[in-house]
Amino acid sequence: MKNIPVIMIIFGGSGDLAHRKLYPSLFNLYEQGLIHDNFAVIGTARRPWSHEYLREQVSDAIHETHDQVDENEVKAFASHFYYQSHDVTNVEHYVTLKKLAQELDDRYSAQGNRLFYMAMAPRFFGTIATHINDQHLTGSGFNRIVVEKPFGHDLASAEQLNKEITASFDENDIFRIDHYLGKEMIQNIMPMRFTNPLIKNIWSGEYIKNIQITLAERLGVEARGGYYDTSGALRDMVQNHIFQIITLLAMPEPKDLSSDSVHQAKQELLKSLIIPTPEEVEKNFVRGQYLGSDTTFAYKKEPNVDPDSTTETYVAGKTKFTSGPIAGVPIYFRTGKEFKEKKTRIDIVLKHINNPYGQAHSNNITIEVDPESKIYITINGKKIDEPGIRREDLTYVFSKEEMAKVPDGYERLLHDVFVNDSTNFTHWSELKRYWEFIDAVEDAWQKENEAGNPEIAQYLPYRMGPKEADNIFESPTEHWIYE
Ligand code: BG6
């Protein structure tokens, strides 16, 4: 693998994301030789850490995530890390940062390449982008920026943030990260759809009755009440992860696998995304909040959550496109905290056909993304010892050995940033369209809130969410496949 020279600056270098995901992933890329001799990482945050202390943290992060490591390798890797105490609102601090980056660039022959990573509270993204620009932090080689979610709070704030970032970076150099796009089974959607005649040929409204997407989580909001109460499930999960999954399922076949062609196919589809009216929001969407149990708090009693909060910890909804291979097919989705289990799955429900046996089940194709990687197709066959039809699953489960080979989503996506492949990142035009949809739903909810008595279902924790979500289907013959 090619050694890519670069100085990487992580805003949020003392944070949880850097510790749990970025440092271990960078180490793996280092071991593979992608970044090796000519790189340095500057971790920044407000705390007054030393270079040495950051290196200890990096080393701890690697030990926590790897069973066996070569201590010399860890030491050599950590020696590439530098710490700069930094207040993102203080212009002077960017001058110091720029100087350090330049010094390290000379020392490591990084060829003027810079990679900026925004891994801190999103309210600072705009300020950082502005000062990268006005203090000229970009280098003379390539300049790329990775932006964590949420990218904005609504369309207007996303547009503002985008403006601040594009002052220094071209769209091609902005990597809006969505960790779902780094997951094995999400990356498997395109090959599954486009290489199997069995699947490709039935991918239309003629055969598909509906598609169902579930992102269920066992955990509640935990320590993130403060952030979550300003976000809610729609912004936290639907605006990004669920919409990217929907797009991969509904887009036309790209002309080739280049990043441009994939994004073009997505954009073509998204033009035909139907934005719901307030009446459609009322009819097709359900929002909910989890109640408490003997041992857990109700959402409204969680720390840092407004006791009168109208923020949803659960949402179910429906969407459709007017063009693309599955134009007109209803796509139902739901996500929530405190479900009975952690499960991410996609169910493609096929239509029934007339047959001489009478009753038969529909064929469903299920893609399980988490916790297991698994694909199964339900088929009908004869019963052995009595007349009639029985249902069987054709299942492909990834083996333990295969799972062990799957890199963490962050490692994959960081690799893509280094090699400049933005296929699995969110393009601005996609993000904009997602926000248009989300804003329409949020506006309708806001009006309901203002009118008093908004319908926010209170659901029991560790079950399947509010039963009201059973009523969003278009026809009485439809229901959630995963129950
Ligand atoms: C994040 C959300 O983007 O995704 C979290 O902010 C959520 O609220 C998480 O818990 C879920 O990710 P995963 O990979 O565990 O399904």
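Residues numbered from 1 in each chain as written. Predicted model: local features only at pLDDT ≥ 70, side-chain atom pairs only at ≥ 80, totals over all residues. Heavy atoms only, no water.

Below, the discussion takes up the side chain of Ser 14. With respect to the helices, strands and loops of the structure, Ser 14 is situated in the loop between β1 (6-11) and α1 (16-31). In contact with Ser 14, other than residues within four places in its own chain, are Thr 44, Ala 45, Arg 47 and Trp 49. (Helix = DSSP H or I, 4+ residues; strand = E, 2+ residues; numbered from the N terminus. Contact = heavy atoms within 4.5 Å.)

Taken in spatial order, the nine strands line up as β14-β13-β12-β11-β7-β10-β9-β8-β15 in an open sheet, and their pairing is mixed. Either end of the sheet is taken by a strand with one partner, and the two such strands are β14 (389-397) and β15 (457-459). Between one strand axis and the next, the sheet turns by 20 degrees as a mean value, whatever way the strands run. Across three bridges, strand β8 (residues 286-290) lies against β15 in parallel orientation. Counted as the bridge partner of Gln 289 is Gln 458 from β15. (Pairing = 2+ DSSP bridges. Axes fitted to C-alpha atoms, helices over the stretch in contact; angles between N-to-C directions.)

Before going further, it helps to spend a moment on the site of the ligand. Taken together, the neighbourhood of the ligand is formed by Lys 149, His 179, Tyr 180, Lys 183, Glu 217, Arg 224, Asp 236, Met 237, His 241, Lys 337 and Lys 342. Measuring from an oxygen atom of the ligand, one finds a side-chain N or O atom of His 179 at 2.8 Å. Here the ligand has 400 Å² of accessible area as a free molecule, and 79% of this is covered by the chains. (Near = heavy atom within 4 Å. Polar contact = N/O pair within 3.5 Å; in protein donor to acceptor, adjacent residues only side chain to side chain. Areas by Shrake-Rupley, 256 points an atom, 1.4 Å probe, with all protein chains shown as cover.)

Direction vectors running N to C along α1 and helix α15 (residues 409-418) enclose 60 degrees, while the axes themselves pass 9 Å from each other. Considering the angle they form, α1 stands oblique to α15. Here α1 and α15 pass one another in a crossing that is right-handed. When α1 is examined against α15, the residues Leu 17, Lys 21, Leu 22, Ser 25, Leu 26, Asn 28 and Leu 29 are found in contact with a partner set consisting of Tyr 410, Glu 411, Leu 414, His 415 and Phe 418. Broken down by class, the residue content of the contact of α1 with α15 amounts to seven nonpolar, three polar and two charged. (Parallel < 35°, antiparallel > 145°, perpendicular 65-115°, else oblique. Left-handed = near helix turned anticlockwise from the far one by under 90°. Nonpolar A, V, L, I, M, F, W, Y, C, P; charged D, E, K, R; others polar.)

Together, Glu 279, Glu 280, Glu 282, Glu 455, Glu 468, Asp 470 and Glu 483 give the surface a local cluster of negative charge. Following the sequence through the fold, Glu 455 ends up in the loop between α16 (428-451) and β15. Residue Glu 455 is classed as exposed on the basis of its relative accessible area, which comes to 62%. (Patch = residues over 30% accessible without salt bridge, like charges linked within 9 Å, V, L, I, M, F, W, Y side chains within 5 Å. Salt bridge = Lys/Arg side-chain N within 4 Å of Asp/Glu carboxyl O. Lys, Arg positive; Asp, Glu negative; His and termini not counted. Charge placed at Lys NZ, Arg CZ, Asp CG, Glu CD. Buried < 20%, exposed > 50% of the residue type's maximum accessible area, 1.4 Å probe, protein only.)

With that out of the way, let us pick up the sheet that holds strand β3 (residues 81-85). In spatial order, the strands read β3-β2-β1-β4-β5-β6; together these six strands make up an open sheet with parallel pairing. The open sheet has two free edges, formed respectively by β3 and β6 (174-176), since each of these has just one partner strand. Geometrically, the sheet is characterised by an average inter-axis angle of 20 degrees between neighbouring strands, direction not taken into account. Note that strand β4 (residues 114-118) and strand β5 (residues 143-147) share five bridges and pair parallel. Bridge pairing in β5 places Phe 116 opposite Ile 145. Here helix α5 (residues 125-134) sits on the sheet and contacts β1, β4 and β5; the angle it forms with β4, its principal contact strand, is near 160 degrees.

A few words now on unusual backbone geometry. Between Lys 149 and the following residue, Pro 150, the backbone shows a cis peptide bond with an omega angle of -5 degrees. Its place among the elements puts Pro 150 in the loop between β5 and α6 (155-166). Here the residue pair Asp 370 and Pro 371 is connected by a cis peptide bond, since its omega of 0 degrees sits within 30 degrees of zero. Following the sequence through the fold, Pro 371 ends up in the loop between β12 (364-370) and β13 (374-382). Look at Glu 222: it is not a glycine, yet its phi comes out positive at around 50 degrees. Topologically, Glu 222 is positioned in the loop between β7 (208-216) and α10 (225-228). One non-glycine residue, Tyr 462, lies in positive phi territory at about 65 degrees. With relative accessibility at 26%, the residue Tyr 462 sits in the partly exposed group.

Residues Ile 211, Ile 213 and Ile 346 are the most contacted members of the largest nonpolar core, which totals 105 residues. Take this core: its biggest share by element is 11 residues, from helix α11 (residues 233-250). Residues within four places of Ile 211 in sequence aside, it is in contact with Trp 203, Leu 249, Ile 326, Val 329, Pro 330, Ile 331, Tyr 332, Ile 346, Asp 347 and Ile 348. Membership of the second largest hydrophobic core comes to 40 residues, among which are Trp 49, Ala 119, Ile 177 and Tyr 410. (Core = buried A, V, L, I, M, F, W, Y, C linked by side-chain atoms within 4.5 Å.)

Turning our eyes to something else, we now look at the environment of Leu 104. One can find Leu 104 in helix α4 (residues 91-108). Since its relative accessible area comes to 0%, Leu 104 is described here as buried. With 66 residues separating them along the chain, Leu 104 and Asn 38 place their C-alpha atoms 9.5 Å apart. Not counting residues within four places of it along the chain, the set of residues in contact with Leu 104 comprises Ile 7, Ala 40, Ile 42, Tyr 82 and Ser 109.

A rise of 1.5 Å per residue sets the reference length of α4, with its 18 residues, at 26 Å; its end C-alpha atoms lie 26 Å apart and thus fit the reference within 8%. The opening residue of α4, the one whose side-chain oxygen lies 2.9 Å from the backbone nitrogen of Glu 92, is Asn 90. One or two positions beyond α4, positive phi appears at Ser 109, with a value near 50 degrees. (Expected span 1.5 Å × (residues − 1).)

All right, on to the packing of helix α12 (residues 259-270) against α16 then. The geometry of α12 relative to α16 is characterised by a closest axis approach of 9 Å and an angle of 25 degrees between their N-to-C directions. With respect to α16, the element α12 is oriented roughly parallel. Here α12 runs over α16; the crossing is left-handed. Residues His 263, Lys 266, Gln 267 and Leu 270 of α12 pack against Ser 429, Glu 430, Arg 433 and Tyr 434 of α16. Tallied by class, the residues present in the contact of α12 with α16 amount to two nonpolar, three polar and three charged.

Turning our attention to the environment of Glu 442. Within the element layout of this structure, Glu 442 appears in helix α16. For Glu 442, a relative accessible area of 13% gives the class buried. Between the C-alpha atom of Glu 442 and that of Arg 235, which follows or precedes it by 207 residues, the distance is 9.0 Å. Setting aside anything within four residues of it in sequence, one finds Glu 442 in contact with Ser 231, Leu 234, Arg 235 and Glu 312.

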